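Examination of the molecular architecture
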Amino acid sequence: MNSSNTNNGQSNNGKSSRLDGINRDLGLYFLELSRLRSSAAPTEMEEDEEEAPKELNTINSSGGFLVVAPDKLSVKYTTVNLHGHDVGVVQANKPAPVKRLLYYFEIYVKDAGAKGQIAIGFTNEGFKMRRQPGWEVNSCGYHGDDGLLYRGQGKGDAFGPTYTTGDTVGGGINYASQEFFFTKNGVLVGTVCKEKEMKGRLFPTIAVHSQNEEVHVNFGQKKFAFDLKEYEAQERLKRQMTIEKISLPPNISYGLVRSYLLHYGYEDTLNSFDLASKSTIPPVYIAQENGFDEQDIGYALNQRKILRQLIRNGEIDAAISKLRDWYPQIVQVGALEEAVKYGRIELAKFFRLAGFDDLVQDCVALLAYEHPQESCVGYLLEESQRDLVADTVNAMILSTNPNTQDMEGCLQSYLERLLRQLTACCLERRSANGEQGEAFLLRRVL
Amino acid sequence: MASSKKLISREEWEKRLKLNNVKIRKEDMNKLVMNFLVTEGYVEAAEKFRMESGTHPDIDLATITDRMAVKKAVQCGNVEDAIEKINDLNPEILDTNPQLFFQLQQQRLIELIRNGKVEEALEFAQEELAPRGEENQSFLEELERTISLLVFEDTSNCPVGELLDISQRLKTATEVNAAVLTSQSHEKDPKLPSLLKMLIWAQNQLDKKAAYPCINDLSNARLEDPTF
């Protein structure tokens, strides 16, 4: 076996290494896609992974004044309170998860005790555990004895009704609107702006302060009194309505669908589409669109369509043979050794993941085999992967267009670029918000 | 009060757009396109797309054909035919949608006027539309506007000339399409435009916190360098 390590990037016959470079980039691009296709998106996984509070934290609670039940889901004030610094406060064992639209939990007042000085709210990590939530900075609390909302100072604001024995009170965070909201017996009491100071992780917090007060907490293990799903739906709807009011340039969707069909070579669909559009889309627009095609994505439309069909049907021999006829510079039969070596050495440095370099060399080698389906890279020709291969070939052909200005045009349709931009903007905005809120997931929309 | 906006360079932004952070699956884009074709009623194109891409339409294509026949009838000005077809599909559609029914009747009146059938037009207006106008102020106003077409010699220049325009037919056709879709329990709007609006919104929102490469022209999806 040829053991030269130098210049594995050059093709055998010394033709343009630009094309090699392009093919290499394309190969990498689609391989990455292939890897991603089979795994869940990073954002999807992280939303599942974020841990939610399940029980009360017995370690840092103001132990001298209260008792937490063994199941860690209820608390009782045991002594007689004397002043403002002997509140029995307890936080949840984990902070409220942030990568979602809303977080919510409830308490049930089993016994309002001597004075009904119960509170529900959110506090930060270093909270002084002998003070009511809301009485210190970086905390907020809705108090049962006076119905006021306290936000970081000793004086509270008028907020809602008082609550007592038998009431179920809930507290939540709305990351989209950056608000706290509270409910009583299944009804929304109100919302308040989540001040910028309340950054960082917030812990669901409950407090009891007079003799015999007893409160049970529900972190979602039981059904809530408040219809959270409905509230969430309403909040989504509110935002959707704001978005719907935005106006779009006329016929933009039509144009993008058309570009998409052109880009991927769905010729038959495009022809039907154009025919049907004649009666609805103003002719002026169609003319403009055709004249404006910078990257000329109509290039080799028929050939790309034919190749896609052949690949999808599994007729690989026919596909390769046609590809050789039309674009000999793409198919490098006999360059297998080079391709394999190139794959192993050059491309491996781009990927630090174990086992991935095998996939890399496989895909690059695909076009180099005489009989690919009988080769060890034949798995790429399984039905599920065929679309990926078809897309790769499509991009490679587009790259042979002398009018191609940049790789971007071959790799991604306009539609894809717009969707990527949307995802990136949402992620960036979430990041600017301290990672709070949902990411954009196309699958969710569909 | 000047808030400090974070500056994200083009290079930095393109890194973020790279595959690892941002995953858009081809199947999902195909579904989006199919959803567009189906909702807008491009039956043949949807069928071809199913064959070429292997994407399954989210509703029965046969129901699209019926719906498209109705839409076409309206677009061609055959309103009576359209109404008959709608009632064949589902008589409740027009029953529960008096606004739409009035719009169709109005279109019928417009077509009669367009074809110079003045007597028939007046008779139709009196018998069918005037009673509706009595019940509803906005219907009455529309009726009056339409009838006023008869007054003008040169309809292309008169204030209500737009009623004779093709766009009026298209408007009604779109409303009919939406009503039928809704009655078939399908969302009446394709998802693609909402996503585009979401993009504009998301860019505006991020704009408050950062200067970064935007896409200003949706039709060519070109990134423009951040202005600071």
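Residues numbered from 1 in each chain as written. Chains lettered and ligands numbered in written order. Predicted model: local features only at pLDDT ≥ 70, side-chain atom pairs only at ≥ 80, totals over all residues. Heavy atoms only, no water.

Residue and element names in this part refer to chain B. At their nearest, the axes of helix α7 (residues 98-114) and helix α10 (residues 166-183) sit 10 Å apart, and the two run at 150° to each other. As judged from the angle between their axes, α7 and α10 are roughly antiparallel. The way α7 lies across α10 gives a crossing that is left-handed. Residue-level inspection shows L100, Q103, L104, Q106, Q107, I110, E111 and R114 of α7 in contact with α10, the latter providing Q168, R169, T172, E175, V176 and A179. Of the residues contributing to the contact of α7 with α10, the split by class is five nonpolar, five polar and four charged. (Axes fitted to C-alpha atoms, helices over the stretch in contact; angles between N-to-C directions. Helix = DSSP H or I, 4+ residues; strand = E, 2+ residues; numbered from the N terminus. Parallel < 35°, antiparallel > 145°, perpendicular 65-115°, else oblique. Left-handed = near helix turned anticlockwise from the far one by under 90°. Contact = heavy atoms within 4.5 Å. Nonpolar A, V, L, I, M, F, W, Y, C, P; charged D, E, K, R; others polar.)

Next up on the list: the packing of aromatic side chains. Under the definition given, this model contains 21 aromatic pairs over all chains. Pairwise contacts between aromatic rings join Y104(A), F181(A), F224(A), F226(A) and Y231(A) into one cluster. The lysine or arginine in question, K26(B), covers the ring of Y264(A), its NZ or CZ lying 4.4 Å from the ring centre. (Phe/Tyr/Trp six-rings, centres within 6.5 Å; stacked < 30°, edge-to-face > 60°. Lys NZ or Arg CZ within 6 Å of the ring centre and 35° of its normal.)

This part covers the environment of E123(B). Residue and element names in this part refer to chain B. With respect to the helices and strands, E123 occurs in helix α8 (residues 118-135). By relative accessible area, E123 is classed as partly exposed at 48%. It is 55 Å that separates the C-alpha atoms of E123 and Q203, two residues lying 80 residues apart in sequence. (Buried < 20%, exposed > 50% of the residue type's maximum accessible area, 1.4 Å probe, protein only.)

Residue and element names in this part refer to chain A. The strand order across the open sheet formed by six strands is β3-β12-β5-β6-β7-β8, and the pairing between neighbours is antiparallel. Two strands close off the open sheet at either side, each with one partner strand: β3 (88-91) and β8 (157-158). Pairing analysis gives two bridges linking strand β6 (residues 139-143) to strand β7 (residues 148-150), with the strands arranged antiparallel. Along β7, the bridge assignment pairs G141 with Y150. (Pairing = 2+ DSSP bridges.)

Take the interface of chain A and chain B next. In this complex, chain A contributes 66 residues to the contact, which on the side of chain B involves 60 residues. Of the roughly 6000 Å² buried between chain A and chain B on both sides combined, carbon and sulfur atoms contribute 68%. For chain A, the biggest contributors to the area lost against chain B are R420(A), Q421(A) and E428(A); these three give 11% of the whole. On inspection of chain A and its partner chain B, the count reaches five salt bridges. In this structure, the salt-bridge partner of K26(B) is D391(A), at a minimum N-O distance of 3.0 Å. Along the contact surface separating chain A from chain B lie 20 residue pairs in polar contact (both at pLDDT 80 or more). Every element with two or more residues in the side of chain A that touches chain B is listed here: α1 (17-38), α3 (228-244), α4 (252-264), α5 (267-277), α7 (301-312), α11 (383-399), α13 (414-432) and α14 (442-445) of chain A. Element by element, the count of residues in the side of chain A that touches chain B is highest for α13(A), at 17 residues. For the side of chain A that touches chain B, the residue count by class is 34 nonpolar, 13 polar and 19 charged. (Buried area = accessible area lost by both parts, 1.4 Å probe. Salt bridge = Lys/Arg side-chain N within 4 Å of Asp/Glu carboxyl O. Polar contact = N/O pair within 3.5 Å; in protein donor to acceptor, adjacent residues only side chain to side chain.)

Geometric values such as these leave the question of function open.
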